[in-house]
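# Close look at the chain arrangement
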Amino acid sequence: MALVVGVSLALATLAVELLEHSFGVANASSLYLVAVVLSALLVGTGGAIAVAAGSFLVYNFLFTEPRFTFTIHDPGVLLSVILLLFVGVVVGELAALQRGRADAASAREREARAMFAVSRSLATRDSTAAALARIADVIRTEARMERVWVAIGADPATERVAADTGEGQPPATPARLRVLQRTPDEEPARWIRVQRPGAVAPRGGGGGSAAADPALVASGRPAGGLDNYRIRIEASGEPLGSIWAQRARDLDEPDDTETRLMAAAADQAGQTLSRDRAEERTRAAEVAEQSDALKSALLQSVSHDLRTPLATIRAAAGGLRPGGPLSDEDRQASADAIEREVEYLNRLVTNLLDLSRIEAGALRARRDVFELDDALARAIESIRSRLGARTLEVNLAAPPVEVDPVFLDEAVANVLDNALKHTPESTHIRIVAHEAADGRVGMTVEDDGPGVRPDVLPRLFEKFYRAPDAARGSRGGTGIGLAVARGLIEATGGHVSARRSELGGLAIDLDLPMAMVPEELATGRSA
Amino acid sequence: MSPAAPGPTILVVEDDVEARSALVRELTASGYTVVEAPDGRTALERWALRRPDLVLLDLGLPDMDGLRVVTAIRREAATTPIVILSGRFEEREKVEALDRGADDYVTKPFGVDELNARLRVAIRRATGPAGDAAGRVGAGPVVLDAAHHEVRVGGRLVDLTPREFELLRVLLTHRGRIVTKGRLLRAVWGEAYQGEDSYVYVHVSQLRKKLAAADSTGQVERLIVTEPGVGYRVRDLPSPDPDVHGPGEPVPPGTLGKP
């Protein structure tokens with residue numbers, strides 16, 4: 001300021017000297033007005049007054065008669081001085097006002113940008129954790145903090161850090177910190193100091209406390225380096241967590257703008273967290289509802305199918321008692337019936353358990369490399385004995401697949417079971433595989449039976465769905481087998497779909513991931 | 001069965017009373033001497049006391065993990081056969097038990113014939129030699145001669161790579177029993193190859209192709225059986241060559257003395 005005052009004064013004086021002596025201008029003192037206005041614009045009212053006063057003294061001393069004295073003869077000069085002072089003050093005030101407005105506007109813009117960053121983080125979040133991390137980052141840079149972390153939990157003791165701008169574990173709850181005290185009214189929030197009972201009392205005063213913070217000392221940080229701040233995250237009065245911050249001690253408490261930003265960020269985070277909670281509760285309720293619905297549908301669907309074979313088993317077992325009237329041949333028939341019914345029940349129970357695991361998302365595929373004919377040998381073998389007068393054609397020559405063999409086996413067993421169950425004797429069943437595009441292996445189970453109507457094809461894999469013209473009665477199916485097949489196939493990276501077969505009946509297509517086998521192994525050269 | 005010649009002793013570890021008594025009835029009728037245990041602790045006590053010829057072990061025990069029983073027994077006895085009774089949802093545990101040294105498994109619900117076949121094979125393995133005096137092992141028309149390092153199918157020589165030869169040797173010495181992929185990898189490739197399951201897959205397919213190409217009987221086509229998710233098993237076909245006993249011929253239970 002002194003520099004501006006001195007320079008403008010000197011320049012103006014030089015100019016006046018030049019005008020009055022070299023060019024014969026009688027009174028060039030109005031040039032000082034320029035100096036006053038310039039200083040007012042550059043350094044404010046104070047500078048303008050200084051320049052005005054200086055101009056008066058210098059001009060009086062150098063240019064007015066009697067020269068080199070401060071004596072004033074001409075009252076007009078006095079008027080000039082008053083004018084200079086007046087202009088200086090007015091222009092200075094105006095300039096200061098303008099500057100203040102520009103500062104405020106830029107601060108507001110900065111605050112708005114920061115707030116925008118906060119709300120956009122929350123609005124476009126993929127996950128709340130990522131959004132909280134961005135918020136912590138915005139607060140750290142915009143509110144001039146050293147480190148900011150967001151913790152979620154009902155109180156500091158149970159809080160869990162969800163986002164942190166620093167490295168490593170954030171410090172434990174410090175013994176002394178400042179908490180933002182927020183009032184329900186429009187009153188501005190303010191920071192109040194709190195401390196744990198028994199903590200070292202703060203020594204010294206002012207903006208920063210000079211006392212060493214035990215928590216910080218313990219964590220090996222330089223004593224007196226950082227102050228701790230906490231803002232509670234709440235929604236509808238329910239505590240949800242905190243924003244914690246550390247600020248260099250040589251800075252003052254966060255100013256209004258910084259405080260406002262932090263408070264607003266906490267509000268937004270609070271709303272988001274409470275919305276997350278609500279969504280979670282809704283989801284949990286939906287899952288519970290669905291699983292209730294599933295349970296009752298399941299019970300309805302299978303109670304009959306469970307009871308019928310049990311009745312057969314009980315009757316057949318009774319006939320096996322020693323001394324009964326049955327011939328050996330009949331006993332053999334009873335024993336066979338028991339075995340068949342147990343096999344049926346085993347499939348049903350396995351499917352029920354699979355279905356519940358599929359519904360619960362609890363299937364974990366353990367994929368391995370197999371050739372289809374190898375992986376499916378057992379499933380195919382097991383239906384051969386139940387073919388009756390049906391004929392079976394198998395051609396599974398295709399590249400190896402990479403699937404969970406147990407899932408594939410169960411799924412194909414169900415598809416084959418379905419084919420047997422819903423086709424008359426004398427049906428031809430064909431199982432073929434081929435290499436499909438994009439590293440996939442296609443497999444089809446089809447028959448020349450009655451097939452299903454085109455409109456029900458997409459529904460075949462829904463659980464408990466039974467095609468309208470499917471056989472009714474005790475062994476008409478529970479609508480579980482194909483649903484389980486789809487669940488298992490999808491869990492192991494495949495797809496399943498139904499269409500009308502060229503043979504005339506139903507075709508179920510399985511699309512499975514082809515195996516990647518090391519080239520040097522696949523070519524037969526030994527590793 | 002003559003009571004004077006008691007059959008091999010089987011320790012049946014199963015917590016379900018009905019399942020256990022059904023097993024006991026069946027096994028006793030088949031000529032075995034049966035010791036029962038309802039839980040893991042009792043099982044280990046009775047095992048130490050009686051040293052049975054075979055342990056039939058249910059994996060889901062009330063007091064301890066069935067796997068721990070396998071480990072405990074294997075720590076003291078390398079050879080006592082252990083056959084696992086596993087449920088459909090114990091796939092991982094079953095493989096783990098086999099990797100820890102169990103010999104075979106039967107999936108519940110199982111048929112009596114299937115169980116008896118598995119027990120016979122398991123006991124034979126423990127008593128019979130792993131091949132004849134000349135180190136020859138075989139199954140069906142396949143004969144592997146370790147001393148001369150050659151494999152013949154129905155007398156016809158088959159050209160195998162060293163890995164394929166070793167793979168076949170391991171499978172044949174375990175004829176009728178399952179060998180997990182992990183154990184195959186360790187035996188044929190070494191510890192460094194753990195997890196490289198595709199090696200086993202590729203070599204088994206090559207081996208099958210070569211054996212099938214040399215075969216005229218059609219028996220070899222399905223000689224090496226895949227147990228999905230577990231491993232491989234060479235079918236328990238008797239070797240027609242009178243000189244090759246394989247790892248012991250099936251011996252009817254009850255005629256088998258204790259080792």
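Residues numbered from 1 in each chain as written. Chains lettered and ligands numbered in written order. Predicted model: local features only at pLDDT ≥ 70, side-chain atom pairs only at ≥ 80, totals over all residues. Heavy atoms only, no water.

### Considerations on the overall build of chain A
Along its length, chain A carries 13 helices and 13 strands. Taking all 527 residues of chain A together, the buried fraction comes to 41%. Counting only contacts in chain A whose residues sit at least 6 apart along the sequence, the fraction spanning at least 24 positions is 64%. As displayed, chain A has an accessible area near 27,600 Å², and 56% of this comes from carbon and sulfur atoms. (Helix = DSSP H or I, 4+ residues; strand = E, 2+ residues; numbered from the N terminus. Buried < 20%, exposed > 50% of the residue type's maximum accessible area, 1.4 Å probe, protein only. Contact = heavy atoms within 4.5 Å. Areas by Shrake-Rupley, 256 points an atom, 1.4 Å probe, with all protein chains shown as cover.)

### A short note on the overall build of chain B
Secondary structure assignment for chain B yields eight helices and twelve strands. In chain B, which comprises 259 residues, the share counted as buried stands at 54%. Of the contacts formed within chain B by residues at least 6 apart in sequence, a portion of 64% connects residues at least 24 apart. Roughly 10,900 Å² of accessible area belongs to chain B as shown, and the carbon and sulfur atoms make up 52% of that amount.

### Observations regarding the interface of chain B and chain A
Accessible area lost upon the coming together of the parts serves often as the stated size of an interface. Each side of the interface is counted separately: chain B has 25 residues, and chain A has 30 residues. Close ionic contact of Arg 208 of chain B with Asp 374 of chain A constitutes a salt bridge, the shortest N to O distance being 2.7 Å. In this assembly, chain B and chain A are joined by four residue pairs in polar contact (both at pLDDT 80 or more). Those elements that place two or more of their residues in the side of chain B that touches chain A are α4 (91–99), α8 (197–213) and β11 (224–227) of chain B. (Salt bridge = Lys/Arg side-chain N within 4 Å of Asp/Glu carboxyl O. Polar contact = N/O pair within 3.5 Å; in protein donor to acceptor, adjacent residues only side chain to side chain.)

### A look at the environment of Tyr 32 of chain B
Mapped onto the fold, Tyr 32 of chain B is located in the loop between α1 (17–29) and β2 (33–37). For Tyr 32 of chain B and Thr 9 of chain B, which are 23 residues apart along the polypeptide, the C-alpha to C-alpha distance reads 5.8 Å.

### What to know about the layout of surface pockets
The calculated volume of the second largest pocket comes to roughly 350 Å³. Lining of the second largest pocket is provided by 20 residues; of these, Arg 366 of chain A together with Val 95, Lys 181, Asp 197 and Gly 229 of chain B occupy positions nearest its centre. Among the elements of the structure, α11 (405–421) of chain A together with α4 and α7 (181–189) of chain B are those that each provide at least two residues to the lining of the second largest pocket. If you tally residues by element for the lining of the second largest pocket, the top one is α4 of chain B, at five residues. Its residues assigned to classes, the lining of the second largest pocket shows five nonpolar, five polar and ten charged. (1 Å grid on protein atoms, 1.4 Å probe; cavity = no way out; pocket = protein on both sides within 12 Å on 5 of 7 lines; lining within 4 Å. Points joined across faces, edges and corners; volume = space filled by probe spheres on them. Nonpolar A, V, L, I, M, F, W, Y, C, P; charged D, E, K, R; others polar.)

### Some details on the pattern of salt bridges
All names here are of chain B. Using the criterion set out here, one finds 43 salt bridges over all chains in the structure. The residue Asp 103 makes a salt bridge to Arg 74 at a minimum N-O spacing of 2.9 Å. Taken together, the positions of Asp 103 in the loop between α4 and β5 (104–107) and Arg 74 in helix α3 (residues 66–76) put the pair 29 residues apart, joining distant regions of the chain. Classification of Asp 103 as buried rests on a relative accessible area of 3%. Relative accessible area serves as the criterion here: at 16%, Arg 74 is assigned to the buried category. A salt bridge links Asp 236 to Arg 175; the nearest nitrogen and oxygen atoms lie 3.0 Å apart. Of the two residues, Asp 236 sits in the segment after β12 (231–234) while Arg 175 sits in the loop between α6 (162–173) and β10 (178–180), which places them 61 residues apart along the sequence. Looking at Asp 236, the relative accessible area reads 29%, which means it is partly exposed.

### Comments concerning the sheet that holds strand β3 (residues 54–58) of chain B
Residue and element names in this part refer to chain B. Strand order in the open sheet made by the five strands is β2-β1-β3-β4-β5, with parallel pairing throughout. Edge strands, defined here as strands with exactly one partner in the open sheet, are β2 and β5. Averaged over all pairs of adjacent strands, the angle between their axes in this sheet comes to 20°, without regard to strand direction. As paired elements, strand β1 (residues 9–13) and β2 share five bridges and run parallel to each other. What sits directly across from Val 12, in β2, is Glu 36. Sitting on the sheet, α1 touches β1, β2, β3 and β4 (82–86), and the angle it makes with β2 is about 165°. (Pairing = 2+ DSSP bridges. Axes fitted to C-alpha atoms, helices over the stretch in contact; angles between N-to-C directions.)

### Points about the nonpolar core
Side chains of a nonpolar character, in soluble globular proteins, are inclined to be buried together. Leu 372, Leu 408, Met 443, Leu 460 and Ile 508 of chain A are the most contacted members of the largest nonpolar core, which totals 54 residues. When residues in this core are grouped by element, the largest group, eight residues, is from α11 of chain A. If near-sequence neighbours (up to four positions away) are discounted, Leu 408 of chain A is found in contact with Leu 372, Ala 375, Leu 376, Val 403, Ile 489, Leu 510 and Leu 512 of chain A. Formed by 35 residues, the second largest nonpolar core is a distinct cluster that contains Val 369 of chain A together with Leu 171, Leu 185 and Val 234 of chain B. (Core = buried A, V, L, I, M, F, W, Y, C linked by side-chain atoms within 4.5 Å.)

### Focus on the environment of Leu 211 of chain B
Residues and elements named next belong to chain B. Tracing the backbone shows Leu 211 in helix α8. In sequence terms Leu 211 and Leu 223 are twelve residues apart; their C-alpha atoms lie 9.2 Å from each other. Beyond its immediate sequence surroundings of up to four residues, Leu 211 is in contact with Val 151, Val 153, Leu 168, Val 220 and Ile 224.

### Overview of the confidence of the model for chain B
All names here are of chain B. Taken over all residues, the pLDDT of chain B has a mean of 83, while the share at 70 or more is 87%. Within the model, pLDDT remains below 50 along residues 245–259, and this stretch shows 41 contacts once partners closer than five positions in the same chain are excluded. At the level of chain-chain contacts, confidence expressed as ipTM amounts to 0.75, with global pTM at 0.58. (pLDDT = per-residue confidence, 0-100.)

### Topic: the sheet that holds strand β6 (residues 136–139) of chain B
All names here are of chain B. Across the sheet, four strands lie side by side as β6-β7-β8-β9; this open sheet has antiparallel pairing. Pairing within the sheet leaves two strands with one partner each, and these edge strands are β6 and β9 (156–158). Adjacent strand axes in the sheet meet at a mean angle of 25°, parallel and antiparallel pairs treated alike. In this sheet, strand β8 (residues 150–153) lies alongside strand β7 (residues 142–145) in antiparallel orientation, the contact comprising four bridges. Bridging from a neighbouring strand, Val 142 pairs with Val 153 of β8. Along the sheet, α6 contacts β6, β7 and β8; its crossing angle with β7, the most-contacted strand, is approximately 110°.

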